Amino acid sequence: MVALPQPLEPAAPDVVPGEICVIANAKSGTNARDSEAIDRALVVFGTAATLTHWSPSQDLHQIVETAVKNGARTVVAAGGDGTAMAVAQALLGSPAALAVLPLGTFNYFARGLGLPQDPEAAAQAILTGHRHQITVGKVGDRVFLNNASLGVYPAILKERETVYKRWGRRRIMAHWSVLKTFLRFQRPMKMRLTADGETRDVRAPLLFVARSAYQLERFGLAGKQAISDDKFAILIGRATSRGKLFKITWRLITGTMQEGRDYDLVMARDLTVATSRPRTLVAFDGEKSREKSPFHFTMADKPLTIILPEPQ
């Protein structure tokens, strides 16, 4: 879970019309499963909530800003980690709080907060939750809530998108995309890392910059203390061949990864990564983009207010 300070005010159970704005990806309107889940959550929210569909071609920041001006105190991202990240970007520094109705495949951010995966239960948890301020990470101007990465993981996400388009969004297809990417593995990346002023040159297949203690715990990885200290947990993979990459991936799946053997851990608040290639694929909370090197990872200077459910 992300590092959280003392709670602010509780989210009032007796809400007023328009106090909750639910934002869903336009694709959710044509996805029967997601559409049904949103409808079930809206029943729990009652007249307090309004629903807005958006597409990547629209200005989400403007949509969120308008909702807040119209009285929304809570903006609910109905979707997966990518949707939550996009809404968080628009809400950074705003008095309105981010809540999540988990509809994605993995929902790491929602799970890290302790939100139920059932839509009615998640909606009820949002209504009775508390407002907290957290510090989120940024790579360049982009906010991320869970992690950002370079190397083999963004390549997996790219392959996964291709597989999903052909075979549908199923977990078995996600695992198949991992295998296909590994079979195409060529050689590690050459990178120059400057973490809190200290520079080192590395060759690695993966650089993983984490802001989620939940993900680290989920896979048995070190770095939880870095999250508590409002730092990045920076994991540098040690595999230098396809065989070693398969080996550490198996250890990741079985929760037997070891710091110093399979990866190196660096903790820092500021990180610059210069790659040998002028442009490199970077992933952040499941989204991906080919960007120009170097990459600058920092902590956002404005807080993000979230709705945290009461402990079960």
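Residues numbered from 1 in each chain as written. Predicted model: local features only at pLDDT ≥ 70, side-chain atom pairs only at ≥ 80, totals over all residues. Heavy atoms only, no water.

At the junction of Ser293 and Pro294, the peptide bond is cis and its omega measures out at 5 degrees in the coordinates. Within the secondary structure layout, Pro294 lies in the loop between β16 (287-292) and β17 (295-299). Backbone geometry at Asn107 places phi at a positive 55 degrees, although glycine is not the residue there. For Asp230, which is not glycine, the phi dihedral falls at a positive 60 degrees. Given the relative accessible area of 23%, Asp230 is considered partly exposed. (Helix = DSSP H or I, 4+ residues; strand = E, 2+ residues; numbered from the N terminus. Buried < 20%, exposed > 50% of the residue type's maximum accessible area, 1.4 Å probe, protein only.)

Quick look at the sheet that holds strand β8 (residues 147-151) now. If you walk across this open sheet you meet the 6 strands as β13-β12-β11-β8-β15-β16, and the pairing is antiparallel. Here the strands that pair on one side only, and so sit at the sheet edges, are β13 (263-268) and β16. Across the sheet, the mean angle from the axis of one strand to that of its neighbour is 20 degrees, orientation sign disregarded. Relative to β16, strand β15 (residues 279-284) runs antiparallel, the two being bridged by 6 bridges. Each bridged residue has a counterpart across the sheet, and for Leu281 the counterpart in β16 is Arg290. (Pairing = 2+ DSSP bridges. Axes fitted to C-alpha atoms, helices over the stretch in contact; angles between N-to-C directions.)

Using the criterion set out here, one finds 5 aromatic pairs in the structure. Ring centres of Tyr108 and Phe219 lie 6.4 Å apart, and the angle between their planes is 65 degrees; this geometry places the pair in the edge-to-face category. Taken together, the positions of Tyr108 in helix α4 (residues 108-113) and Phe219 in the loop between α8 (213-218) and α9 (224-228) put the pair 111 residues apart, joining distant regions of the chain. Here Tyr108 falls in the buried class, since its relative accessible area comes to 13%. Consider the rings of Phe144 and Phe232, whose centres lie 5.9 Å apart with planes at 20 degrees: the pair is stacked. Taken together, the residues span a long stretch of sequence, with Phe144 in strand β7 (residues 142-144) and Phe232 in strand β12 (residues 232-237) at a distance of 88 residues. Taking relative accessible area as the criterion, Phe144 reaches 0% and is therefore assigned buried. By relative accessible area, Phe232 is classed as buried at 0%. (Phe/Tyr/Trp six-rings, centres within 6.5 Å; stacked < 30°, edge-to-face > 60°.)

Topologically, Ala213 is positioned in helix α8. The exposure class of Ala213 is buried, given its relative accessible area of 3%. The sequence separation of Ala213 and Ala233 amounts to 20 residues, and the corresponding C-alpha distance is 9.0 Å.

Take the side chain of Asp262 next. With respect to the element layout, Asp262 can be found in the loop between α10 (242-253) and β13. Residue Asp262 is classed as buried on the basis of its relative accessible area, which comes to 1%. From its side chain, Asp262 meets the backbone nitrogen of Gln258 in a polar contact 2.9 Å long. Non-local contacts of Asp262, meaning those with residues more than four positions away in its chain, are made with Ile236, Gly237, Arg238, Ile248, Arg251, Thr256 and Met257. (Polar contact = N/O pair within 3.5 Å; in protein donor to acceptor, adjacent residues only side chain to side chain. Contact = heavy atoms within 4.5 Å.)

On to the pattern of salt bridges, then. For the structure on display, the rule yields 11 salt bridges. As a salt-bridge pair, Glu120 and Arg40 come within 2.7 Å of each other at their nearest N and O atoms. Taken together, the residues Glu120 in helix α5 (residues 119-128) and Arg40 in helix α1 (residues 32-45) connect sequence positions 80 residues apart. Judged by relative accessible area, which is 29%, Arg40 ranks as partly exposed. One salt bridge connects Lys224 with Glu217, and the closest N-O pair in it is separated by 2.8 Å. By relative accessible area, which is 44% here, Glu217 ends up partly exposed. (Salt bridge = Lys/Arg side-chain N within 4 Å of Asp/Glu carboxyl O.)

Once that is clear, we can look at the nonpolar core. Phe45, Leu98, Phe109 and Leu304 are the most contacted members of the largest nonpolar core, which totals 52 residues. Ignoring any residue separated from it by four or fewer positions in sequence, one finds Leu304 in contact with Ala88, Leu91, Leu92, Leu98, His132, Gln133, Ile134, Val136 and Leu145. Counting residues in each nonpolar core, the second largest holds 25 residues, with Ala204, Leu207, Val273 and Phe297 among its members. (Core = buried A, V, L, I, M, F, W, Y, C linked by side-chain atoms within 4.5 Å.)

The next subject is the packing of helix α2 (residues 60-69) against helix α3 (residues 81-91). Running from amino to carboxyl end, α2 crosses α3 at an angle of 60 degrees, the nearest separation of the two axes being 9 Å. In this structure, α2 crosses over α3, and the sense of that crossing is right-handed. Where α2 approaches α3, its residues Leu60, His61, Val64 and Val68 are matched on the opposing element by Ala86, Val87, Ala90 and Leu91. The class makeup of the residues in the contact of α2 with α3 is 7 nonpolar, 1 polar and no charged. (Left-handed = near helix turned anticlockwise from the far one by under 90°. Nonpolar A, V, L, I, M, F, W, Y, C, P; charged D, E, K, R; others polar.)

To continue, consider the sheet that holds strand β10 (residues 198-204). The 6 strands lie next to each other as β7-β6-β17-β14-β9-β10, forming an open sheet whose pairing is antiparallel. Since the sheet does not close on itself, it has two edges, and those belong to β7 and β10, each with one partner. Put simply, the sheet's adjacent strands are angled 25 degrees from each other on average, direction ignored. Judged from the 3 bridges that link them, strand β6 (residues 137-139) and β17 form a sheet pairing that is antiparallel. Counterpart to Gly137 in the pairing with β17 is Met299.

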